[in-house]
Structure formats: C-alpha cells, structure tokens
Amino acid sequence: MHSAHIDVSILVVSYNTCAMTRAALDSILAETKDVSYEVIAVDNASTDGSAAMIAAHPLRPEFIRLSENRGFARANNLAARRARGRYLLLLNPDTLVLDSAIDKLVAFAKTEPKARIWGGRTLYACGSLNPSSCWGRMTLWNLFCRASGLTGLFPGHQIFNGEAYGGWQRDTVRHVDIVSGCLFLIEKELWDGLNGFDPLFFMYGEEADLCLRAHAFSARPMITPHATIIHYGGASESARAGKMVRLLAAKVSLVDRHWQPLLVPLGRALLAAWPLTRLIATSVRAALVPSASKLETADAWRQIWRRRNEWQHGYENPTKTQTAPAALAPST
C-alpha cells in the first residue's frame, strides 16, 4: 500500500525461505487493514527462487535484490534508508501475522509513545508460546546460571532464567530490555538517530545492541500480548552448531560493548564455560543412556567447542558502510 501518509514501513529480509516468505507476505496483505503501510523486501542472494517470488508478489513490495548475503543487520539498514513510514517494523520471513497483529502493534505504540520500541507475542506453529519475542539483558548472574546448568534445570524460574524472563507467558503488557528482531517496531526517528543496526553484528545480537543503545535516548521497550504472530524460528539458519557459533560471537561482542570494563573478563569466561559445560553434560548423558538424539546433541556441542576460535573474541569488525552512533543527542 502506498500513500502520501504512511504509518509503518514493514521491512522483510529473506534468505532461502521462499515458501515461508510468500506466506509471511500473504499474511501481511490479509491481516493489515487499519494502518497505511509499505513493504520493503531485501533478498540476501537466495538460491531458492525467493527473489522472483518477492518481485511478483501481489503486495508489490519495494525490492532490493543483493548479489551476496550481507546478513540481517546490514540488509535491514539498506531497507530502512528507503522507508517513509513514521514507524519501522522489522518482520522475519519465517512468520505469519495473526489477527491484525500489525494494526494492533501500531495502535499500541500510539498509546505508549514513551516506549519508542515495541514488540508482541510469538507462537510456534503448534500454537504454544515461543518465548523469543523479547529478552532481558545479560548479567553476571544469568550467565553463571546458564554456564552452571541452573537455567536448564529451572527454565521456568525467573531467578535462574532471567535472560528469558522465565515463567512469564508474554500474556501481559510489560517493559523489557530487548525486543526481538522477528517482530520489532521502532520509531523511524529513533532508528535514524541511532544509525540503525551496527553492521558489526552479521546475525544475532543486533537488536540487543540497538535496544541497549536506545536506553540513552529514554527508550523503554514494551511488549503487548495483543499483537501475536507465529514465528517458526531459525528457518534460514538450519545448522545448530553454526547458529550457536554466531550467537556466542554476538554475546561476546555485547559483553565487550555494554558491560563495565572490569566485568568483561568475567563475562567472557562465563560465556566460554557455557558450551564447555554443555559438552560435558551431554556427552555423559549420551554415554549413560545412548540414543541417536542424545549423540547428535553431544556432537553439536563438541563442534561448537572445537570452533571456539570463531566466537570467543566476538564478531570481527567488518568494513563499515555506516558510522555509529547517533545523530540525535541522548537524553540527560
């Protein structure tokens, strides 16, 4: 939809998710009626026909076709430069918009303008809660709980799984530290002031970095349960070891950037201990009660540990296509 006034620019970045991306675009068209919007789609050099499908879709999105995979952060930055909406909505291609979720999320943003960043509730395809719509910031305590196995033993307990807000069903309005990039609404003015995502983060961690930087601009991100989508999760990142290598690299970079310098070595040590303790625990379990799934899990953690040189120092700094931060002056 194109008009002189655009409430929200919907950004969709795809990578070899043709069928899911088509379904996501179909759901935007079917479920978004009350707000004016445009769709800007970026394809990260897919080889599965995604680009042709997007170009021909009835939504007629503005389309950026890349010749190489530039990752989630930089692809969204490219799309955002063309956006004309008051808000930007980052929407993963492996999602389905349910029950006017975009209309409801924009309406929520207008009633809670001080939040400046907003998210919703995500479900798995079966209808059960997918808790990854939001996160708490990393702390020494929750990294210790994860490395020691307490998070795995008590996943539904807020004390031992604080980073995932353990026990909260995402069924109430609440302030959160980090809104997930799968359904991420932000003021265009704030995005521009922060210079968008830092291109250091190829995939994973970019929304955490942006939300933590946004606190200096008085942003207090919020979640509403009334904007609900299905998020299948991980559709463009199928190899578990590869996903965890990227995730750990992102977490190390976040610790380096957002923690007090004296605490950084402790944070790095706890992040390194996490895959090592998982390797030991899953290997013992597979040895005591052998099964294909247990052996596969232990092997995945073994690969992650063997590849520690790829993640233990964080993301390598790429050649920057933009500078950060921020054109706006932070609040005092």
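Above this text sits the structure in question.
Predicted, not measured: the structure shown is a model, and the values here were computed from it.

Attention now moves to the pairing of strand β1 (residues 8-14). Counting buried positions over the seven residues of β1 gives seven, a clear majority of the element. Here β1 shows two buried faces, one formed by Val8, Ile10, Val12 and Ser14 and the other by Ser9, Leu11 and Val13. Pairing of β1 with strand β2 (residues 37-43), which is carried by seven bridges, proceeds in the parallel orientation. Bridged to Ile10 within β2 is Val39. Following the chain from β1 across helix α1 (residues 18-31) to the adjacent parallel β2, one finds a crossover that is right-handed. As paired elements, β1 and strand β4 (residues 87-91) share four bridges and run parallel to each other. Each bridged residue has a counterpart across the sheet, and for Leu11 the counterpart in β4 is Leu90.

Turning our attention to the environment of Val252. Locating Val252 in the fold gives a position in helix α9 (residues 240-258). Between the C-alpha atoms of Val252 and Gly267, which are 15 residues apart in sequence, the distance is 7.9 Å. When near neighbours in sequence (up to four residues on either side) are disregarded, Val252 contacts Arg268, Leu271, Trp311, Gln312, His313 and Gly314.

Here we come to the pattern of salt bridges. This structure, assessed with the given rule, holds 15 salt bridges. Among the ionic pairs, Glu38 bridges to Arg84, the shortest N-O distance being 3.1 Å. Residue Glu38 is found in strand β2, and its partner Arg84 is found in the loop between α3 (71-81) and β4; the two are separated by 46 residues along the sequence. Note that Asp177 is salt-bridged to Arg137, the shortest N-O span being 3.9 Å. Of this pair, Asp177 sits in the loop between β9 (174-175) and β10 (178-179) while Arg137 is found in the loop between β8 (134-135) and α5 (140-148), placing the two residues 40 residues apart along the sequence. Members of the salt-bridge network, linked through shared partners, are Asp198, Asp209, Arg213 and Arg257.

Considering only enclosed or pocket space, the second largest pocket measures out at about 160 Å³ in volume. Around the second largest pocket, the lining is made up of 11 residues, and of these Leu200, Phe202, Arg246, Tyr315 and Glu316 lie nearest the centre. Here the element with the most residues in the lining of the second largest pocket is α9; it accounts for three residues. Classifying every residue of the lining of the second largest pocket gives six nonpolar, one polar and four charged.

Thresholds, definitions, all that
- Residues numbered from 1 in each chain as written.
- Predicted model: local features only at pLDDT ≥ 70, side-chain atom pairs only at ≥ 80, totals over all residues.
- Heavy atoms only, no water.
- Buried < 20%, exposed > 50% of the residue type's maximum accessible area, 1.4 Å probe, protein only.
- Helix = DSSP H or I, 4+ residues; strand = E, 2+ residues; numbered from the N terminus.
- Pairing = 2+ DSSP bridges.
- Right-handed = clockwise from strand over helix to strand, strands pointing away.
- Contact = heavy atoms within 4.5 Å.
- Salt bridge = Lys/Arg side-chain N within 4 Å of Asp/Glu carboxyl O.
- 1 Å grid on protein atoms, 1.4 Å probe; cavity = no way out; pocket = protein on both sides within 12 Å on 5 of 7 lines; lining within 4 Å.
- Points joined across faces, edges and corners; volume = space filled by probe spheres on them.
- Nonpolar A, V, L, I, M, F, W, Y, C, P; charged D, E, K, R; others polar.

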